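Below, each chain spelled out in residue letters.
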Amino acid sequence: MQDMKKIYIFLSCCPVLVVVLVFFLILMVCSSSSSDSSAVPVGDIMEFNAPFKMGVNYTITSPYGSRKDPFTGEESFHSGIDLAAPVGTEIVASASGTVYKTGYEENGLGNYVKLEHTVSGIKYYTAYGHMSDNSIVVSEGQIVTQGQKLGIIGMSGRATGVHVHFMLMTPNCTYNSSDLKDPQMIIDNDLARRNKYKLPTIQPRPTYGVTK
Ligand SMILES: [Zn+2]
């Protein structure tokens, strides 16, 4: 009789157990599908800024990914994000690191700087293209700190206007799809930071009583 009661309790608990098991299965499937191995950890992204000093107003003129090529009009892959800022704007290091490479690419980046960064033990690379002629002020192997000047914005190489082609790569500095990352999240964080920074100046001036 006692055994029967135990079996009855066990069976009555079963639907609850099934529901709990299904819940955990769904949870496992969801978490495994959302952890995209090609994504950069959010914490690591926070280390990077847009390649401009605070106070510079810039706009995104072309996002990362598939787009119509501005020269040919054909669908092509854009390896970085295009950021436009006024002529003469300084391009600065997005994060602290070492100058990996500087050079010139006629049909590509024009005058460029590539930096190497180590975040959470992982190598990241940022690239800055289309800088003005003779404006690059860093050299290979040099240690740079976040915000340090690299050069001046321009339109050297394959560019239709004054902008910086800003790239993020990890863990290797290549144009392979496995290394290229979308810098959009860096820009989103950066704009949030800048807006926060600017907030006091754009607040409406409080009025105190009667003014003349
Ligand atoms: Zn570009």
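None of these values were measured; they are calculated from a predicted model.

Chemist: Sorry, what's going on with the nonpolar core here?
Modeler: In a soluble, globular protein the nonpolar side chains are often hidden away together inside. Residues Ile-91, Tyr-128, Met-131 and Leu-150 are the most contacted members of the largest nonpolar core, which totals 34 residues. In contact with Leu-150, other than residues within four places in its own chain, are Ile-91, Val-92, Ala-93, Val-113, Tyr-128, Ile-136, Val-137 and Val-138.

Chemist: Explanation requested: unusual backbone geometry in the structure shown.
Modeler: Apart from glycine, the bulk of residues carry a negative phi angle, and the bulk of peptide bonds sit in the trans form. Note that the residue after Thr-170, namely Pro-171, is joined by a cis bond; omega there is -5°. For Ser-120, which is not a glycine, the phi torsion comes out positive at approximately 50°. The topology assignment puts Ser-120 in the loop between strand E7 (110–119) and strand E8 (122–131). The class for Ser-120 is exposed, based on 9 C-beta atoms found within 10 Å. Backbone geometry places His-130, a non-glycine residue, at a positive phi of 70°. With respect to the helices, strands and loops of the structure, His-130 is situated in strand E8.

Chemist: Is there a simple way to think about the pairing of strand E3 (residues 75–78) in this case?
Modeler: In regular strands, side chains alternate between the two faces of the sheet. For strand E2 (residues 65–68) and E3, the ladder comprises four bridges, and the chain directions are antiparallel. When the sheet's bridge partners are listed, Arg-67 is paired in E3 with Ser-76. Two successive antiparallel strands, E2 and E3, enclose a turn made up of six residues, where Gly-73 displays a positive phi of approximately 80°.

Chemist: I keep staring at the environment of Thr-174 and nothing clicks. Help me out?
Modeler: With respect to the secondary-structure elements, Thr-174 resides in the loop between strand E11 (164–169) and strand E12 (180–181). A count of 11 C-beta atoms within 10 Å places Thr-174 in the exposed class. Separated by 49 residues in the primary sequence, Thr-174 and Tyr-125 place their C-alpha atoms 9.2 Å from one another. Apart from residues lying up to four places away in sequence, Thr-174 is in contact with Met-169 and Asp-179.

Reading the values: the criteria
- Residues numbered from 1 in each chain as written.
- Predicted model: local features only at pLDDT ≥ 70, side-chain atom pairs only at ≥ 80, totals over all residues.
- Core = buried A, V, L, I, M, F, W, Y, C linked by C-beta atoms within 7 Å.
- Buried ≥ 20, exposed ≤ 12 C-beta atoms within 10 Å, placed from the backbone.
- Contact = placed C-beta atoms within 7 Å.
- Helix = DSSP H or I, 4+ residues; strand = E, 2+ residues; numbered from the N terminus.
- Pairing = 2+ DSSP bridges.

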